[in-house]
Amino acid sequence: MIQKLWPYLRPYKKWFILGIICSAAEAVFELLIPLVMAKIVDVGIQNGDASYTMRMGALMVVMAVISLLIGVSSAYLSARTGQGFGASLRAAEYENIQTFAFSNIERFSTASLITRLTSDVNAMQLTMMMGMRLLVRAPVMLVSALVLAMMISLQLSQVFLVAIPVLAVAIGALLFLVSPLFRQMQEKTDSLNLDVQENLTAIRVVKAFVREDYEKSKFDRNNQDLRDIAEKANGRVVINMPIMMLVIYGTIIAILWFGGHMVQTGALEVGLLTTFVTYVTQIMVSLLMVSMMFMMLTRSVACARRIIEVLDEKPDINDSHCDSTMRVKDGSIRFEHVSFKYDPKSPDWNLEDINLDIKAGQTIGIIGGTGSAKTTLVQLIPRLYEATAGRVLVGGQNVRSYTMEHLRDSCAMVLQKNTLFSGTIRENLLWGNENATDEDIERACRIACVDEFIDRMPEGYDTDLGQGGVNVSGGQKQRLCIARALLKNPKVLILDDSTSAVDMATDAKIRTAFATELPKTTKIIIAQRIASVCDADQIIVMDDGKISAVGTHEELMQNSAIYREVYTSQKEGGNIDG
Ligand SMILES: Nc1ncnc2c1ncn2[C@@H]1O[C@H](COP(=O)(O)OP(=O)(O)OP(=O)(O)O)[C@@H](O)[C@H]1O
Ligand SMILES: [Mg+2]
């Protein structure tokens, strides 16, 4: 694990090492101060030497100031290292997530990815910051205080032979009891985050269905769970304190008892006994710090594991088979015995033995009931998913032979669940192709019928869309998404139910514009309305993951019972012109 995380700490190696040195130095200084104190008591005060006392007092002040300065530096360095380490972990995670295929993201879920990017990294950051101080300070303090105490009186130090093992056993037992609870606590935090995230993303749906109370009780349940487990964990952690105090004061009493006798017999000086007691406290406090640190470490090990999972995840789809010079020469598409399933372990195919031959420039309509795998079929063309069996060819070449970037630029897909980003309309359109000129934008907007409403927007192309494009209607959003895809000048344009919220007349206008303005582009249109596809060169009727029929409108009216049925039902519903 350390080996995996080290590269992200390496840029801050200098700060890290300096910070550790400062922490150690700070601890040493704190230990030397009681020695000077002993000198003041045993030499200065006993001999009534005021100038010696003053000199030693001054030395103590200087040492305290140095120790303070070193302490501040160590705090600064550890904060800097911790934050830097966190930032580079986040950057690495984010970068790797960008390479993920849809299937990778589904495996983690977006909510969990966000938790892993934020709260898990925060925990690591905090542990690094505290660890650099406490984990260095505590052992240094412990060992040096032990050595110094033994130097003062070996005989008296025998008390530690009893005290330290007692403490070690107590802390060990506590850690054993607490660590599984910490793991559970992290998991509960996860599910609470997931809950909040889902709720906030879908807040409009929650409000539309008036499910606030249900959502609230779901949240309360998760929140309560987290509280219970945290209470239980912390309830065990606080036992730490009384045990520590018991042992600390027990040890001090023992030392005062034995030490007192030694002072009476003249075997030990009073000042040294005071110093000895200070060391005892320091030793015990160090042990307390170590135990606290171990508890924190237990928690951050769980977080580190989750972060490493993200860092280690290999994208399911990559450019390893491609020839980077290969270009899509035209918009022809072939499916050769293509089968596909989302879950490789599932016995059922989501798409089964698909054979298709689409010529460049054709308009293809795809129709079929919900869940009949229309989206699944077209997602294989820009390689959003890869065929499990068989081959998909674009421009006469296997899609795997193109780089993903080139393929997806050539095969623009307007997704069924589409999004716009915060920013202006122009920024959103340029997101499709940053080099597009104003004329390109106007042309794309004319074809997608965006020009019909752009004049009515308060600032035209410079209107701000708000988060996720909330300022436009469903149909306007769909048209903007089509325009954004058109700006890529694609050889293949795939519209997955992209005009479902557009009125029939505008829908027809868009299709006419496609035919006249984009004669060379292969257009694949998935639709629920027969009117949207009836003038296509080929219409594919999907049924339960298979192609049920292919043909023109007239052919299908003759041959396909499903098509006829859809046609009749829509005609009755008044959904078909003429
Ligand atoms: N990401 C996914 N992971 C697992 N299964 C999926 C995934 N997406 C779709 N499916 C399953 O694949 C099947 C086909 O889904 P698909 O989205 O292709 O249907 P569709 O024809 O586009 O439906 P709609 O008209 O509602 O958009 C469905 O049974 C669905 O449950
Ligand atoms: Mg779909």
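For the structure, see preceding data.
Conventions used here
- Residues numbered from 1 in each chain as written.
- Chains lettered and ligands numbered in written order.
- Predicted model: local features only at pLDDT ≥ 70, side-chain atom pairs only at ≥ 80, totals over all residues.
- Heavy atoms only, no water.
- Near = heavy atom within 4 Å.
- Polar contact = N/O pair within 3.5 Å; in protein donor to acceptor, adjacent residues only side chain to side chain.
- Nonpolar A, V, L, I, M, F, W, Y, C, P; charged D, E, K, R; others polar.
- Core = buried A, V, L, I, M, F, W, Y, C linked by side-chain atoms within 4.5 Å.
- Buried < 20%, exposed > 50% of the residue type's maximum accessible area, 1.4 Å probe, protein only.
- Helix = DSSP H or I, 4+ residues; strand = E, 2+ residues; numbered from the N terminus.
- Contact = heavy atoms within 4.5 Å.
- Salt bridge = Lys/Arg side-chain N within 4 Å of Asp/Glu carboxyl O.
- 1 Å grid on protein atoms, 1.4 Å probe; cavity = no way out; pocket = protein on both sides within 12 Å on 5 of 7 lines; lining within 4 Å.
- Points joined across faces, edges and corners; volume = space filled by probe spheres on them.
- Phe/Tyr/Trp six-rings, centres within 6.5 Å; stacked < 30°, edge-to-face > 60°.
- Pairing = 2+ DSSP bridges.
- Axes fitted to C-alpha atoms, helices over the stretch in contact; angles between N-to-C directions.

Colleague: Quick question: what am I supposed to make of the site of ligand 1 here?
Modeller: The environment of ligand 1 is formed by 14 residues, the closest being G371, K374, T375, T376 and Q416. One nitrogen or oxygen atom from the side chain of T375 is found 2.5 Å from an oxygen atom belonging to ligand 1. Of the residues in the shell around ligand 1, the class split is three nonpolar, nine polar and two charged.

Colleague: I would appreciate a short explanation of the nonpolar core in the present structure.
Modeller: Nonpolar side chains in soluble globular proteins tend to be buried together. Membership of the largest hydrophobic core comes to 44 residues, with the highest contact counts inside it found for I425, L429, V450, L480, L486, L493 and F514. Ranked by the residues each element gives to this core, the list is headed by helix α16 (residues 474–486), at six residues. Setting aside residues up to four positions removed in sequence, I425 forms contacts with I454, M457, G460, Y461, T463, L465 and L480. Counting residues in hydrophobic clusters, the runner-up holds 43 residues, among them V247, I248, L268 and V277.

Colleague: Mind showing me how you'd approach the pattern of salt bridges here?
Modeller: Opposite charge on two side chains permits them to pair, given that their charged atoms come into close proximity. What the rule picks out here adds up to 28 salt bridges. With a shortest N-O distance of 3.2 Å, D316 and R107 are connected by a salt bridge. Of the two residues, D316 sits in the loop between α10 (270–312) and β1 (333–340) while R107 sits in helix α4 (residues 102–108), which places them 209 residues apart along the sequence. Overall, the relative accessible area of 35% leaves D316 in the partly exposed class. Residue R306 is joined to D120 by a salt bridge in which the shortest nitrogen-to-oxygen separation is 2.5 Å.

Colleague: Sorry if this is basic, but what is going on with the layout of surface pockets here?
Modeller: Reported here for the second largest pocket is a volume of approximately 490 Å³. What lines the second largest pocket is a set of 18 residues, among which I2, L5, M124, M128 and L297 lie closest to the centre. Sorting the residues of the lining of the second largest pocket by element identifies α1 (2–9), α6 (119–152) and α10 as the ones contributing at least two each. Class assignment of the residues belonging to the lining of the second largest pocket gives a composition of 15 nonpolar, three polar and no charged.

Colleague: Honestly, the packing of aromatic side chains in this entry has me stumped. Any pointers?
Modeller: Centre distance and the angle of the planes are the two values used to describe a pair of aromatic rings. With the rule as written, the count across this model stands at seven aromatic pairs. Relative to Y342, the ring of F340 has its centre 5.0 Å away and its plane inclined at 85 degrees; by these criteria the two rings are edge-to-face. With a centroid separation of 4.7 Å and 40 degrees between ring planes, the pair formed by F421 and W431 is classed as tilted. Taken together, the residues F421 in the loop between β6 (411–414) and α13 (425–430) and W431 in the loop between α13 and α14 (438–447) connect sequence positions 10 residues apart. An aromatic cluster is built from F102, F340, Y342 and Y385, whose rings are joined through pairwise contacts.

Colleague: How do you make sense of the sheet that holds β1 when you look at a structure like this?
Modeller: Adjacent strands of a sheet form backbone hydrogen bonds with each other and so pair up, either parallel or antiparallel. One open sheet holds the four strands; their spatial order is β2-β1-β4-β5, and the pairing between them is antiparallel. For this open sheet the edge positions go to β2 (351–358) and β5 (397–398), each flanked by a neighbour on one side alone. By the bridge criterion, five bridges tie β1 to strand β4 (residues 389–394) in an arrangement that is antiparallel. Its bridge partner lying in β4, E336 is registered against R391.

Colleague: What's the story with the sheet that holds β6 in this structure? I'm lost.
Modeller: Strand order in the open sheet formed by six strands is β6-β7-β8-β3-β9-β10, and the pairing between neighbours is mixed. Single-partner strands in this sheet number two, and they are β6 and β10 (546–551). Averaged over all pairs of adjacent strands, the angle between their axes in this sheet comes to 15 degrees, without regard to strand direction. Most of the contacts of helix α19 (residues 561–572) go to strand β9 (residues 538–543), to which it runs at about 100 degrees, and overall it touches β3 (363–368), β9 and β10.

These values are about where atoms sit, not about what they do.
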